[in-house]
Amino acid sequence: VQLQASGGGLVQAGGSLRLSCAASGRTFSRNVMGWFRQAPGKDREFVAALSWNGGSTKYADSVKGRFTISRDNAKNAVYLQMNSLKAEDTAVYYCAADGSQYGFTWSDPGKYDYWGQGTLVTVSS
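Quick caveat: nothing in here was measured; it's all calculated off a predicted structure.

### As for the overall build of the protein chain
Here comes step 1: The helix and strand tally for the protein chain stands at zero helices and 11 strands.
Here comes step 2: The secondary structure elements of the protein chain, listed N-terminal to C-terminal, are β-β-β-β-β-β-β-β-β-β-β.
Here comes step 3: Over its C-alpha atoms the protein chain spans a radius of gyration of 13 Å, differing by no more than 12% from the 14 Å that the globule rule assigns to 125 residues.
Here comes step 4: Principal axes of the C-alpha set define a box for the protein chain whose edges measure 40 × 25 × 25 Å.
Here comes step 5: The 125 residues of the protein chain split such that 43% are buried.
Here comes step 6: Taking the contacts inside the protein chain whose residues are at least 6 apart along the sequence as the reference set, 59% of them involve residues at least 24 apart.
Here comes step 7: For the protein chain, the distance from the average site of its 13 positive side-chain charges to the average site of its 9 negative ones is 5 Å.

Set out below in structure tokens:
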């Protein structure tokens, strides 16, 4: 099983990026998917999570109104649209999947069983 995150890069403050996470090896169409990030010298933190059918979302307060998580179950993929980026959004972003079906939109990284390798987002001020 593999989660492949992509779409990171260097962007100016106020700009936008769209991260993608493609899963392979099994389907996650009935699983919660999430995004986390880790800035240099800091712990990994929750960013957003999405229920299996897209009906429920959860966001960290720091990204509410700016980031949008979405998924395409037909493509076994999850996305993170990031707008109005700030310097403090600079981090390595990881996608994650809950191994159990029909779970809640967890913000606890311990609830996720599968992790991507991370993609670096750098926001210049």
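Structure's up, so let's keep going.
### Looking at the sheet that holds strand β1 (residues 2-6)
Here comes step 1: The strand order across the open sheet formed by four strands is β1-β3-β8-β7, and the pairing between neighbours is antiparallel. Each edge of the sheet is formed by a strand with only one pairing partner; in this case those strands are β1 and β7 (67-72). Neighbouring strand axes in the sheet, compared pairwise and without regard to direction, differ in orientation by 15° on average.
Here comes step 2: Bridge count for β7 against strand β8 (residues 77-82) is six bridges, and the pairing is antiparallel.

### What to know about the nonpolar core
Here comes step 1: Core analysis: the largest hydrophobic core is formed by 35 residues, its most contacted members being W35, L80, M82 and Y93.
Here comes step 2: Mapped onto this core, the elements with two or more residues apiece are β1, β3 (17-24), β4 (31-38), β5 (45-50), β7, β8, β9 (91-101) and β11 (119-124).

### Observations concerning the pairing of β9
Here comes step 1: Sheet topology places β4 next to β9; seven bridges connect them, and they run antiparallel. From the neighbouring strand, F36 faces β9, where its bridge partner is Y94.
Here comes step 2: Two elements, β9 and β11, share three bridges in a ladder whose sense is antiparallel. Following the sheet pairing, A91 is matched in β11 by V121.

### Focus on the side chain of S29
Here comes step 1: The residue S29 is located in the loop between β3 and β4 in this model.
Here comes step 2: Leave out the neighbours within four places in its chain, and S29 touches W52, R71, N73 and N76.

### Description of the side chain of T119
Here comes step 1: Structurally, T119 can be placed in strand β11.
Here comes step 2: According to the relative accessible area criterion, T119 is buried, its value standing at 10%.
Here comes step 3: Within polar-contact distance, the side chain of T119 engages the backbone nitrogen of G8 at 3.0 Å.
Here comes step 4: Excluding residues that lie within four positions of it along the chain, T119 makes contacts with A5, S6, G7, G8, L19, A91, V92 and Y93.

### A few points about the environment of P109
Here comes step 1: Mapping P109 onto the fold places it in the loop between β9 and β10 (114-115).
Here comes step 2: Once residues within four sequence positions are removed from consideration, P109 is found in contact with F36 and W115.

Reading guide: rules and limits
- Residues numbered from 1 in each chain as written.
- Predicted model: local features only at pLDDT ≥ 70, side-chain atom pairs only at ≥ 80, totals over all residues.
- Heavy atoms only, no water.
- Helix = DSSP H or I, 4+ residues; strand = E, 2+ residues; numbered from the N terminus.
- Rg over C-alpha atoms; globule rule 2.2 N^0.38 Å.
- Buried < 20%, exposed > 50% of the residue type's maximum accessible area, 1.4 Å probe, protein only.
- Contact = heavy atoms within 4.5 Å.
- Lys, Arg positive; Asp, Glu negative; His and termini not counted.
- Charge placed at Lys NZ, Arg CZ, Asp CG, Glu CD.
- Pairing = 2+ DSSP bridges.
- Axes fitted to C-alpha atoms, helices over the stretch in contact; angles between N-to-C directions.
- Core = buried A, V, L, I, M, F, W, Y, C linked by side-chain atoms within 4.5 Å.
- Polar contact = N/O pair within 3.5 Å; in protein donor to acceptor, adjacent residues only side chain to side chain.

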